[in-house]
Amino acid sequence: MAAALPPFAPFPPADWRQHLGPPQWHSLLDAWLALSRAWLGLGDVELARRAAGDATLVTFLTSFVREVAAAGPGVLAPQAAPLLRAVFQLLSRLFTTALPPRPLLTLDFLTDLAKAYPKKHAASLLAHLSAQHTPAFEAPLASAKKLLIPHLDAGIKGDLKLVEATLSRLNHLLHSSPHACTLFLAGSDFFDGLVTCFRVMNPPLRKVIVTTMYLSLVGLTEANPPKWAMLSDQLYALKASADAHKQGPTNANDSLVPELVTSTPILRLLLRRAEAADAANGNFKKRVTALESFKKGPMVRPKRLVRRKTDKGKGRETQDQAHAELHVHRMSQITQIQDLFPDLGAGFVSKCLDEYDDDVEQVVANLLGESLPEHLATADRTEPLSHEVGPPPRDLEPRSTLELPSRRNVFDDDEFDRLAMDTSKLSFGKRPEKTADDLLQDKSTAPDKAAILSALAAFDSDDDERDDTYDAADVGGTVDSTNQEADGVSEGIEEMLYRAYQMNTKTFERNAEVRRGKTRGDLRTETGMTDEAIEGWAVMLARNPQQKKRMEAKYAFGGEQAQIERTAWRATPAGSGGEDSDPEGGSSIRGGRGGRGGRGRGRGRGRGGNVAGPTGDKETEQARRRKEANKGSRANHNRREGRARKMARGGFPG
């Protein structure tokens, strides 16, 4: 008979492990490893007999699996791999016995086992257990299903915390055991309960329900043999539940089916596996296509606003800036995978995304199939996302460069390249042909002296009378200073203003007292102008001496004398020669432009009539028409036009 083995010490919980020093902890790991190897050295019969009588073995196995599932394999360092392998081999041999210990067949132990070990190891162990001890394996699963269904159907009235906790633990088992997926989807009660409970507005619970449904449907394709008929029925049930929800008053997209087909690659994965197994018949493809119509639009997650300094490329990037540059899209991909595998750390998921070029579907498929590369399969799956980012590579670091061919042209190796150019031949800008002295001495381009003298001889300075319109004292140009239409004041109003200005200039002052005075009021009434216009007229008159002179000459004589007496000597019948005598009986009143006296002769034009005569008189009307017809000859118009024509000919007469 083999010697008795010492008992196993249970694996301590986390709060106990904190009080153990590294030497004590390493000695415990070595003791567990040595004792496990000693148990593995026993035969099958002896192992089964001792396991039935040694409760410390089962206690160690259950506590070991529970703590490793909770804290991860890193808690076993530095003996993680050997101890995990030894415990796995012990469990494999115990599951092959006639009756495994009952504590190893509970739901908590099975879910912890599926979480502690990778899928490719846990799946084979659970498949062997379900095949060898089917009733014992299905008993805890059936109890869990029976417990969940009433709470799922009750919706918000059920124990939602219990449902969320149970489904979260159960998902690890569904991920590793296709037999468990088949058991839970057998019948429609569990499926209908998930659809009903999803209506509760509880985001964490909804994520767990979507994960459960996804793992259950995928597990049907991994069974041996695959349950294609059962999977087709489940797809039809999904379509029916989505159509029923769409007919209701709530949002059509707020149900389990749209969330499942949008946030997970379930349809593409099922179709690809069905085509690979040659099980994708027309009915199966039609149901997959029908479910694709329930996909929601692209999920746009709100971007996190991060205030960053303007990058001017003048320094190395700090760690805070590198962390701020972590793209939101990568975090969205990590969250999407963690919804399906809550036990995976963000750092491990990020490494998987880097390995498969950010392809979420490929990462999920390899995680489900346990086909990760060796460096990812042995990595710590609970590794958090590290924000320690090294300095970015500098673009200006020295590196070997290819020697580019040099460009050449016809001026290569000339005098400038050799610095042999004569500086006297250099000039900045256009090189002048002659200096200033040479240009002054050159008479070839000078005008002919004879031509200049002939032009001066042809110029007649007495060709026209002096035109005083353009004297420097005048306003200048061809402006007619007598034009009153441009001033905006009629001749009668201007005369009133000028008379008032002559009488008292204070009438035009700018103050309230003058504006309220009687003189200003009468002036406003007579002219019809405002105070501002009257004061502005006075300001402009004071600023324009020429205008003032013109008004002085125009309005100095008021015109009160209606008759001018003759002063010339005339012979009288009495021979007195008095100035008032008119031997021929002519009129002594000057008649406008007509000749003096009744004979119609004198210095006038020999025509009678006066524009100031009585209205309706023939001569008066003729005089008025002649005045209007001959206006063009006055006011310097003709002389101005003549000067303009002369200047157009170049200033020379002819």
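Residues numbered from 1 in each chain as written. Predicted model: local features only at pLDDT ≥ 70, side-chain atom pairs only at ≥ 80, totals over all residues. Heavy atoms only, no water.

**Let's talk about the packing of helix H13 (residues 228–247) against helix H16 (residues 282–292)**
Argument step 1. Two numbers describe how H13 lies on H16: the axes approach to 10 Å, and their chain directions differ by 30°. Here H13 is positioned roughly parallel relative to H16, judged by the angle of their axes. Like other packed secondary-structure pairs, H13 and H16 cross with a definite hand, here left-handed. When H13 is examined against H16, the residues Leu231, Ser232, Asp233, Leu235, Tyr236, Leu238 and Lys239 are found in contact with a partner set consisting of Asn283, Phe284, Arg287, Val288, Ala290 and Leu291.
Argument step 2. Residues of the contact of H13 with H16, tallied by class, amount to eight nonpolar, two polar and three charged. (Axes fitted to C-alpha atoms, helices over the stretch in contact; angles between N-to-C directions. Helix = DSSP H or I, 4+ residues; strand = E, 2+ residues; numbered from the N terminus. Parallel < 35°, antiparallel > 145°, perpendicular 65-115°, else oblique. Left-handed = near helix turned anticlockwise from the far one by under 90°. Contact = heavy atoms within 4.5 Å. Nonpolar A, V, L, I, M, F, W, Y, C, P; charged D, E, K, R; others polar.)

**Some remarks on the nonpolar core**
Argument step 1. Counting 117 residues, the largest nonpolar core has Phe64, Leu76 and Tyr214 as its most contacted members.
Argument step 2. Filtering out sequence-adjacent residues up to four positions away, phenylalanine 64 remains in contact with Phe11, Leu76, Leu83, Leu84, Val87 and Tyr117.
Argument step 3. Counting 13 residues, the second largest nonpolar core, distinct from the first, contains Ala500, Tyr501, Phe508 and Tyr555. (Core = buried A, V, L, I, M, F, W, Y, C linked by side-chain atoms within 4.5 Å. Buried < 20%, exposed > 50% of the residue type's maximum accessible area, 1.4 Å probe, protein only.)

**Describing the layout of surface pockets**
Argument step 1. Volume-wise, the largest pocket comes out at about 870 Å³.
Argument step 2. As for the largest pocket, its lining consists of 37 residues, of which Leu84, Ala116, Tyr117, Pro118 and Ala377 are closest to the centre.
Argument step 3. Elements represented by at least two residues in the lining of the largest pocket include exactly helix H4 (55–71), helix H5 (80–95), helix H6 (107–116), helix H7 (119–132), helix H9 (160–176) and helix H21 (374–377).
Argument step 4. With five residues, the top contributor of residues to the lining of the largest pocket is H5.
Argument step 5. Each residue belonging to the lining of the largest pocket can be placed in one class, and the counts come to 19 nonpolar, nine polar and nine charged. (1 Å grid on protein atoms, 1.4 Å probe; cavity = no way out; pocket = protein on both sides within 12 Å on 5 of 7 lines; lining within 4 Å. Points joined across faces, edges and corners; volume = space filled by probe spheres on them.)

**Overview of the confidence of the model for the protein**
Argument step 1. Of the residues in the protein, 76% have a pLDDT of 70 or more, and the chain-wide mean is 79.
Argument step 2. Mean pLDDT per element in the protein: helix H17 (residues 319–324) is the minimum at 53, and H9 is the maximum at 93.
Argument step 3. Segment residues 389–394 is flagged for pLDDT under 50; beyond a separation of four residues in sequence, or across chains, it makes five contacts in the model.
Argument step 4. Low pLDDT, under 50, characterises residues 573–606; the predicted model gives this stretch 48 contacts beyond four residues in sequence or across chains. (pLDDT = per-residue confidence, 0-100.)

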